[in-house]
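Residues per chain are reported as follows:
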Amino acid sequence: MSNRRNEHEHGDRRERRRSVSLWASIGAVVLIILLIVWLTMADLWGDTDVAQFALPLASML
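As the structure is a computational prediction, the values presented were derived from the model and not from experiment.

## Side note on the overall build of the chain
Turning to step 1, where the next piece is worked out: Of regular secondary structure, the chain possesses two helices and zero strands.
Turning to step 2, where the next piece is worked out: The burial tally for the chain puts 2% of its 61 residues in the buried class.
Turning to step 3, where the next piece is worked out: In the form shown here, the chain has an accessible surface area of approximately 6000 Å², with 65% of it arising from carbon and sulfur atoms.

Written as structure tokens, this is what we have:
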């Protein structure tokens, strides 16, 4: 009886890991797509100079 329960618990862990891994992969793909869209829009608008935002912030520190 306990052997069956152990097999069932291990199966649940594997299934849980797969679902977490699946959602992590989906989240990573969505973030990559958003980054590509953001960089494309910035390039189209000609707003690609990241340093113009970083330098004033660094001088305030």
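On we go from here.
## Focus on a positive patch on the surface
Turning to step 1, where the next piece is worked out: On the surface, a cluster of positive charge is made up of Arg13, Arg14, Arg16, Arg17 and Arg18.
Turning to step 2, where the next piece is worked out: Tracing the chain through its elements places arginine 18 in helix 1 (residues 2-45).
Turning to step 3, where the next piece is worked out: Classification of arginine 18 as exposed rests on a relative accessible area of 61%.

## A look at a nonpolar patch on the surface
Turning to step 1, where the next piece is worked out: A grouping of Leu22, Trp23, Ile26, Val30, Leu31 and Leu34 is seen on the molecular surface, where their side chains present a nonpolar patch of about 640 Å² in accessible area.
Turning to step 2, where the next piece is worked out: Within the secondary structure, valine 30 sits in helix 1.
Turning to step 3, where the next piece is worked out: On the accessibility criterion, valine 30 (42% relative accessible area) is partly exposed.

Here is what the cut-offs are and how they apply
- Residues numbered from 1 in each chain as written.
- Predicted model: local features only at pLDDT ≥ 70, side-chain atom pairs only at ≥ 80, totals over all residues.
- Heavy atoms only, no water.
- Helix = DSSP H or I, 4+ residues; strand = E, 2+ residues; numbered from the N terminus.
- Buried < 20%, exposed > 50% of the residue type's maximum accessible area, 1.4 Å probe, protein only.
- Areas by Shrake-Rupley, 256 points an atom, 1.4 Å probe, with all protein chains shown as cover.
- Patch = residues over 30% accessible without salt bridge, like charges linked within 9 Å, V, L, I, M, F, W, Y side chains within 5 Å.
- Salt bridge = Lys/Arg side-chain N within 4 Å of Asp/Glu carboxyl O.
- Lys, Arg positive; Asp, Glu negative; His and termini not counted.
- Charge placed at Lys NZ, Arg CZ, Asp CG, Glu CD.

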